[in-house]
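# Examining the three-dimensional arrangement
Each chain, letter by letter, is given below.
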Amino acid sequence: MTPWLVVLAVGAGSYLFRISMLVVAARRGVPPLAARIARHAVPVSFAVIATGGLVGQLGATAADLAPLGAAVLAVAAVRRTGSPNAALVVGMPALWALTAVLP
Amino acid sequence: MPVVHLTDDVGGHVAAGVRAMGPWLLGVAPFGMVIGISAAQADLPTLAGWLTGPLVFAGSAQVATIQLLDEGASPVVVVVAALAINLRLVLYSATMAPHWHGASRRFQALAGYLLIDPTLAVGVDGYEGATRPTHGHARYLGAGAALWVTWLAAIAVGATAGASLPAGRHLEMVIPLFLIGELVPRLDDRTVRRAAAAAAALALASQGFPLHLGALVAIVGGLAVALANEPSQEVSP
């Protein structure tokens, strides 16, 4: 399956979700398990994808640890400010600085 | 089937929807640009990344799709992960169903396509204040159109900028950092914290799985931990 078909499949599935309850909810309501999964799916998926993306960039040299350092600083920045945007605002410059400094 | 008459000042309600969407646009435009930059930097056709905008029209699922395709994940893994993120749209659909009941099929088809977090918020607010359903419909479509145009334009701007940026900027870290920013504030909830920790640990442990099937295992495992750790519902007398 090419990236084009994957994007098409995700788009089609998302559209079905959007119109699903126009047909079903009037008669049966939202299935309870679907409602419970929907509450948790976003943070769980984000944790998995962020972990995979981060680990994929780590290597054996000290400089290869720069993404990990940037991620740690990004977490601290979001914790301190409460703003999700702080992760990028602090994380990317930190990554550039660490990459330049580490051997 | 409700009919929208010109005497209903449809334009005024559409404009009200556009205005109501204004504050949301300030927040989603940078997000759209991040997605565009990521699409340009990822190992997939930039147009395919941009097409996630009009076809998926849901930022988080677009991020997951682009990131996992870039990592070479199995198509099944990409589709399941993105649709898991978008499962909340079923709840949004249930929320809007009473307001759209009886509207034309054409309106329902278009309104459903535009359904996402900002249009849900603006739409529900509009229907609650509307004296006629058609006024709420017009307001919803105005808000949705403003969001749609801004979103696609922001992704295009990001994709154009991302393609022209020099190598060595480590832009592949944009998505992981973005996800960290979205995840960390949610960790105040104990259930989310445990589920995210379990999912991340499973993602680490399953790095060697073929076709990135480990991502699927980690998502399912994280969801199982979340469901097992939900606070019990107290029954009121």
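Computed from a prediction, not measured in an experiment: that's the story for all the values here. Numbers given to residues run from 1 along each chain, matching the order in which its sequence is written. Chain letters start at A and ligand numbers start at 1, both assigned in the order the entries are written. Only residues with pLDDT of at least 70 are given local features in this predicted model, and only at 80 or more are side-chain atom pairs given and counted; all residues enter the totals for whole chains, interfaces and linings.

## Here we look at the nonpolar core
The nonpolar core criterion groups buried Ala, Val, Leu, Ile, Met, Phe, Trp, Tyr and Cys residues into a set whenever they are joined through C-beta atoms within 7 Å. As a rule, residues whose C-beta atom has 12 or fewer other C-beta atoms within 10 Å are exposed, those with 20 or more are buried, and those in between are partly exposed; C-beta atoms are placed from the backbone. If you look at the biggest cluster of nonpolar residues, it comprises 114 residues, and the most contacted ones within it are Ala 74 of chain A together with Ala 81, Ile 180 and Ala 199 of chain B. Among the elements that make up this core, the one with the highest residue count is helix H1 (residues 10-41) of chain B (11 residues). In this description, any two residues whose backbone-derived C-beta atoms lie within 7 Å of each other are considered to be in contact. Ala 81 of chain B has contacts with Ser 45 of chain A together with Ala 64, Leu 68, Ala 215 and Ile 219 of chain B, leaving out every residue within four places of it along the chain. The helix and strand labels rest on DSSP assignments: H or I over at least four residues marks a helix, E over at least two residues marks a strand, and numbering proceeds from the N terminus.

## Brief notes about the domain arrangement of chain A
One can read the domain layout of chain A as domain 1 (1-30) and domain 2 (41-101). For domain 1 of chain A versus domain 2 of chain A, the distance between C-alpha centres works out to 32 Å. What marks off one domain from the next here is an automatic or database domain assignment.

## What to know about the confidence of the model for chain A
As a per-residue quantity, pLDDT reports the predictor's confidence and falls between 0 and 100. When pLDDT is averaged along chain A, the result is 87; 92% of the residues meet or exceed 70. Across chain A, element-level confidence peaks in helix H3 (residues 66-81) of chain A with a mean pLDDT of 95 and bottoms out in helix H2 (residues 32-55) of chain A with 84.

## Topic: the interface of chain A and chain B
In this complex, chain A contributes 62 residues to the contact, which on the side of chain B involves 71 residues. When contributions to the side of chain A that touches chain B are tallied by element, the ones reaching two or more residues are helix H1 (3-24), H2, H3 and helix H4 (86-101) of chain A. Of the residues forming the side of chain A that touches chain B, the biggest block, 21 residues, is contributed by H2 of chain A.

## Examining helix H4 (residues 75-85) of chain B
With 9 of 11 residues buried, H4 of chain B lies mostly within the body of the structure. Those residues of H4 of chain B that sit buried are Val 77, Val 78, Val 79, Val 80, Ala 81, Ala 82, Leu 83, Ala 84 and Ile 85 of chain B. The secondary structure elements touched by the buried residues of H4 of chain B are H1 and H2 of chain A together with helix H3 (59-71) and helix H11 (213-228) of chain B.

## Overview of unusual backbone geometry
Residue and element names in this part refer to chain B. Positive phi, normally seen in glycine, also occurs at Phe 57, with a value near 50°. By secondary structure assignment, the location of Phe 57 is in the loop between helix H2 (46-56) and H3. Judged by the 25 C-beta atoms lying within 10 Å of it, Phe 57 is buried.

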